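What the coordinates show
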Amino acid sequence: MADPYYITTPIYYVNDVPHIGHAYTSIAADVLARFMRIDGRAVRFLTGTDEHGLKVEQKARDQGIAPQDFVDQVSDSFRALTPLLNLSNDDFIRTTEERHKNGAAALWTLLQEKGHIYESVYAGWYSVRDEAFYQESELVDGIAPTGAPVEWIEEPCFFFRLSAFGDRLLAHYDQNPDFIEPLSRRNEVKRFVEGGLNDLCISRSTFSWGIPVPGHIGHVMYVWLDALTNYISALGFPHNKTALTGEWQNAIHLVGKDILRFHAVYWPAFLMGADLPLPKTVFAHGWWTIEGKKMSKSLGNAISPQDLIDAYGVDPLRYFLMREMPFGGDGDFSARAVKTRINADLANDLGNLAQRVLSFIHKNGGAVMPTPGIFTDEDLAFLGRVRALPDLVRAHAHEKAPHKMLESIWAVVSDANRYVDTQEPWALRKTDLPRMGTVLFVLCDALRYLAILTSPFMPASMDALMDQLAIPHDARSISGLAHDLRCGTALPAPVGLFPRIES
Ligand code: MSP
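Here is what the cut-offs are and how they apply
In this numbering scheme, every chain counts its residues from 1 along its sequence in written order. In view of the model being predicted, local features appear only for residues whose pLDDT reaches at least 70, and side-chain atom pairs are presented and counted only at 80 or more, with totals across whole chains, interfaces and linings using the full set of residues. For side-chain calculations, the full set of non-hydrogen atoms in the structure is used, while hydrogens and water are omitted. We call a residue near a molecule or strand when any one of its heavy atoms sits within 4 Å of it. Whenever a nitrogen or oxygen atom comes within 3.5 Å of another N or O atom, the pair is scored as a polar contact, on the condition that within protein one atom can donate a hydrogen and the other can accept it, and that pairs from neighbouring residues in sequence are kept only if both atoms are in side chains. To measure how exposed things are, a 1.4 Å probe is used in the Shrake-Rupley method; for residues, cover is taken only from the protein chains shown. Numbering of helices and strands runs from the N terminus, with a helix taken as a DSSP run of H or I at least four residues long and a strand as a DSSP run of E at least two residues long. In this classification, Asp, Glu, Lys and Arg are treated as charged, Ala, Val, Leu, Ile, Met, Phe, Trp, Tyr, Cys and Pro as nonpolar, and every other residue, Gly included, as polar. In this scheme, strands are said to pair when DSSP sees at least two bridges between them. Within this scheme, the nonpolar core is defined by two criteria: the residues are buried Ala, Val, Leu, Ile, Met, Phe, Trp, Tyr or Cys, and they are joined through side-chain atoms within 4.5 Å. Classification of residues uses two cut-offs on accessible area relative to the type maximum, computed with a 1.4 Å probe and protein chains only: under 20% is buried, over 50% is exposed, and between them is partly exposed. For this analysis, residues touch if any pair of their heavy atoms sits within 4.5 Å. Stacked, tilted and edge-to-face are the three classes assigned to paired rings of Phe, Tyr and Trp, where Trp is represented by its six-membered ring and a pair needs centres within 6.5 Å; plane angles under 30 degrees give stacked, over 60 edge-to-face, the rest tilted. Here, a charge over a ring means that NZ of Lys or CZ of Arg falls within 6 Å of the ring centre while also lying within 35 degrees of the ring normal. Residues are called lining when one of their atoms sits within 4 Å of a cavity or pocket point, these points coming from a 1 Å grid over the protein atoms alone, where a cavity is a set in which a 1.4 Å probe fits but cannot get out and a pocket is an open set with protein on both sides within 12 Å along at least five of seven lines. Grid points are joined across faces, edges and corners, and a volume is the space filled by probe spheres set on the points. For this document, the term salt bridge refers to a Lys or Arg side-chain nitrogen within 4 Å of an Asp or Glu carboxyl oxygen. Axes here mean lines fitted to C-alpha atoms, for a helix over just the part in contact, with angles spanning 0 to 180 degrees between N-to-C directions. An angle below 35 degrees is read as roughly parallel, one above 145 as roughly antiparallel, one from 65 to 115 as roughly perpendicular, and any other as oblique.

Comments concerning the site of the ligand
Lining the immediate environment of the ligand, one finds 23 residues, of which Ile-11, Asp-50, Gly-256, Asp-258 and Trp-288 sit closest. Asp-50 has a polar side-chain atom sitting 2.7 Å from a nitrogen atom of the ligand. Trp-287 is positioned such that a nitrogen or oxygen atom in its side chain is 3.2 Å from an oxygen atom of the ligand. Across the complex, the protein chains shield 94% of the 670 Å² of accessible surface that the ligand would expose by itself. Mapped by element, the contributors of at least two residues to the shell around the ligand are strand E1 (5-13), helix H1 (20-38), helix H8 (223-228), helix H9 (230-233) and strand E11 (251-256). Looking at the shell around the ligand, the element that brings in the most residues is E1, giving four residues. Taken together, the residues of the shell around the ligand sort by class into 13 nonpolar, eight polar and two charged.

What follows is the structure, encoded as C-alpha cells:
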C-alpha cells in the first residue's frame, strides 16, 4: 500500500459566516484528497472550526448569546460546507470538543515539562482581528502590517521560549526544502526567522473563552497554540500512542498566506519543543480579490458560497476557483471571468466534446460502446497523449498545483476536439463504417481518461459523464484505466453536462 496521505485546511474562525476564501482552501484540499484516493492512496482529509479566543468571545457578546451557543450555531454553518461544496472530508474538528481540549492541554504539559514555558508579563501590541502579537517595529502608521487595528495590552502571561528555536527551524527548512511551499514563501519565512525570534506569549488572563492552562487557574491558552493542535488532536493525540507515526509524517497543511507564519514558525517550534514529529509541508496559497477589490467587512463584498452555487452550480464553481488562479498566487473573482471560463472551458470545450461524441453514437452508432478496427498513426499519436495524462496530472498533484492539473487535462480536451474535426466521423458514416467505429472508440477512450482525471474537480458532473460511458463504478480510478472499454455495451441517452451562462 502506498504511503497514507493527510491533508488539512485551516480551521475557520467562527466569528464570521463562510465566504469564498474559506470555500477556496476547502475545495483545493478536497481536489487533492480526491485525486490521491483515485490514485490508490489511503487519505485523511481534515477541516473544522476554531472557536476560542477574544474575537469569538466579543462577537458572542455583541449578539447577546453565551459563547458556547454562539459557536454551536456558526460552526454548523461551516459544517454545512461539506454537502454544499461536495467536500469529501473524513473528519470535522471543533476546538470546543473534548478530544481537542485534551490534545491542546497535553501539548502544553509537554512544553512545560521540557522547560520551554515561563511565567512573566506581556506588555505590548495585540490585534484581536488577527489574534496576533506585534512588535512596535512591525506596525505601520500605528496599525498591524495586515491593516488590522492593534491595542496595547499588559497582563500576566506564560511565554514559550521561541527565541531558542531559530537555528533548529532554519536547519529544518534547509534540510527539508518541501517544508514550506511555494519557494518564494519559504524565503520569506527564512528571512523572518533569520531576523531573530522573540519569545511568544501563549496564554491570556484578561478573558476566559479558551482552553484552561493546565494547573493555572485564570489563564487560558493563546488561541493559536490551541488551534494549531487540532491537526494532531484529530489523529488521537495524546491518547492514541501511534497517532503521530502514520499519516502524520506526510501531513500537508494548506493555509492562506496571511497565516503562514503561525504554521511555518510557531507550529514546528511547538512540536520541536515537545519532541513530536513535524508535518511534511505547509503550503501557502494566495488571496482572492472581488471585482478588483480586497474582500472586506467594510465594503460588504464578501461572497457567500451558497450565492455562487445558486448562480453557477457547484462543479462549475469548483472548476473556476481551481483553474482561474494559480495555487500559490493571487487572483481576481469577477462575474465576467466566471462566465468566460465556464462558457469556454466547460460548455464549449469539454461539454461540447462529450455531447458531440455521445449523441453521434446514440444516433448513428447503435447507442453502444463502439468497437475499434486497426488504429492509424494519428489515432496512436492522440491515444499516446491521452495515456500520458495520468502521470502528468499526478506530478502536478504532488506539486500541489491544481491549476496545472487542469491545464494539462484541457490540453487533451483541445486535442480531442481537433481529432473530431480532422477525423470527421459524420463523413465516415457514409463512406467507412468500421473506420467510424474506430474513431468513436478512440474518442470514448479519451473521454474516459478525461472524466476520471477531472473527477476530483467536478465529482458529480464527471460521474454523470462516466455513467454515460457505462464505466463501472469500480473502474473509476487511475488503476481502473487499465481495464479496456467494454465494446458493445449499451450506452444511456446523453444529457448535456454544462449549460452556458447567458447573463
Ligand atoms: N482560525 C484561523 C486558522 C487556524 S488554523 C490552525 C484563521 N481562520 S480564518 O477563518 O480567518 O481564515 C481561514 C482561511 O481563509 C485562511 O487560510 C485565509 O487565508 C483564508 N482566506 C480568507 N480570505 C481569503 C481570500 N480573500 N482569498 C483566499 N483565502 C482567504 O485564520
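A few points about the sheet that holds strand E14 (residues 293-294)
The strand order across the open sheet built from three strands is E14-E13-E15, with neighbouring strands paired in mixed fashion. Two strands lie at the open edges of the sheet, namely E14 and strand E15 (331-333), each paired on one side alone. The pairing of strand E13 (residues 288-290) with E14 spans two bridges and is classified as antiparallel. Opposite Thr-289, over in E14, you have Lys-294 as the bridge partner.

Side note on the nonpolar core
Counting 104 residues, the largest nonpolar core has Leu-321 and Phe-333 as its most contacted members. When residues in this core are grouped by element, the largest group, 14 residues, is from helix H17 (residues 433-454). Once you skip the residues sitting within four places of it in the chain, Phe-333 turns out to touch Ile-20, Trp-288, Thr-289, Ile-290, Glu-291, Ile-303, Leu-308, Leu-317, Phe-320, Leu-321 and Val-338. Counting residues in hydrophobic clusters, the runner-up holds 77 residues, among them Ile-93, Ile-180, Leu-228 and Leu-271.

A closer look at the packing of aromatic side chains
This structure, assessed with the given rule, holds 24 aromatic pairs. With 4.8 Å between their ring centres and 65° between their planes, Tyr-122 and Phe-133 make a pair best called edge-to-face. Taken together, the residues Tyr-122 in strand E4 (residues 117-127) and Phe-133 in strand E5 (residues 132-134) connect sequence positions eleven residues apart. Assigned by exposure class, Tyr-122 and Phe-133 land together as buried. Between Phe-160 and Phe-165, the aromatic rings sit 5.3 Å apart at their centres with planes inclined by 20°, giving stacked as the arrangement. Using a relative accessible area of 0% as the deciding quantity, one classes Phe-160 as buried. With relative accessibility at 3%, the residue Phe-165 sits in the buried group. By way of ring pairs, the aromatic residues Tyr-24, Phe-283, Trp-288, Phe-320, Phe-327 and Phe-333 are connected into one cluster. A cation over a ring is seen here: Arg-204 above Tyr-126, with NZ or CZ 4.5 Å from the ring centre. The ring of Phe-192 carries the charged tip of Arg-261 above its face, separated from the ring centre by 3.7 Å.

Regarding the layout of surface pockets
What the second largest pocket holds in volume is close to 160 Å³. Ile-471, Pro-472, Asp-484, Leu-485 and Arg-486 are, among the 14 residues lining the second largest pocket, the residues nearest its centre. Class assignment of the residues belonging to the lining of the second largest pocket gives a composition of seven nonpolar, three polar and four charged.

Examining the pattern of salt bridges
In the structure shown here, the tally under the stated rule is 33 salt bridges. For the salt bridge of Asp-178 with Lys-280, the shortest nitrogen-to-oxygen distance reads 2.9 Å. With Asp-178 in the loop between helix H6 (166-175) and strand E7 (180-181) and Lys-280 in the loop between helix H10 (260-273) and strand E12 (281-285), the pair connects residues that are 102 residues apart, well separated along the chain. Among the residues examined, Lys-280 registers a relative accessible area of 35% and is labelled partly exposed. Across the salt bridge formed by Glu-188 and Arg-185, the nearest N and O atoms sit 2.9 Å from each other. Of this pair, Glu-188 and Arg-185 both sit in helix H7 (residues 183-194), three residues apart, which is roughly one turn of that helix.

Some points on the side chain of Thr-229
As for its position among the elements, Thr-229 is in the loop between H8 and H9. The buried category is assigned to Thr-229, whose relative accessible area is 0%. A distance of 2.7 Å separates the side chain of Thr-229 from the backbone oxygen of Leu-225, its partner in a polar contact. Residues in contact with Thr-229, not counting those within four places in the same chain, are His-100, Gly-103, Ala-104, Leu-107 and Trp-267.

Some points on the packing of helix H12 (residues 314-324) against helix H13 (residues 335-364)
Interhelical geometry of H12 versus H13 gives an angle of 100° and a closest axis separation of 10 Å. Between H12 and H13, the angle falls in the class roughly perpendicular. Here Pro-316, Tyr-319, Phe-320, Arg-323 and Glu-324 of H12 lie close against H13, whose contacting residues are Ala-337, Val-338, Arg-341, Ile-342, Asp-345 and Leu-346. Looking at the contact of H12 with H13 residue by residue, the class counts come to seven nonpolar, no polar and four charged.

What to know about unusual backbone geometry
Cis geometry marks the peptide bond from Glu-181 to Pro-182, where omega comes out at -10°. Residue position: Pro-182 is located in the loop between E7 and H7. Positive phi outside glycine occurs at Asp-275, with the angle close to 60°. The topology assignment puts Asp-275 in the loop between H10 and E12. Asp-275 sits in the exposed class, given a relative accessible area of 56%. Positive phi, normally seen in glycine, also occurs at Ala-470, with a value near 55°. Take Ala-470: it is sitting in the segment after helix H18 (459-468).

Some remarks on the sheet that holds strand E3 (residues 91-94)
Read from one edge to the other, the open sheet built from six strands follows the order E3-E2-E1-E11-E12-E7, with strand pairing classed as parallel. In this open sheet, the two edge strands, each paired with only one partner strand, are E3 and E7. Pairing of E7 with E12, which is carried by two bridges, proceeds in the parallel orientation. What sits directly across from Glu-181, in E12, is Phe-283. Packing of helix H3 (residues 67-79) onto the sheet brings it into contact with E1, strand E2 (43-50) and E3, and relative to E3 it is tilted by some 155°.

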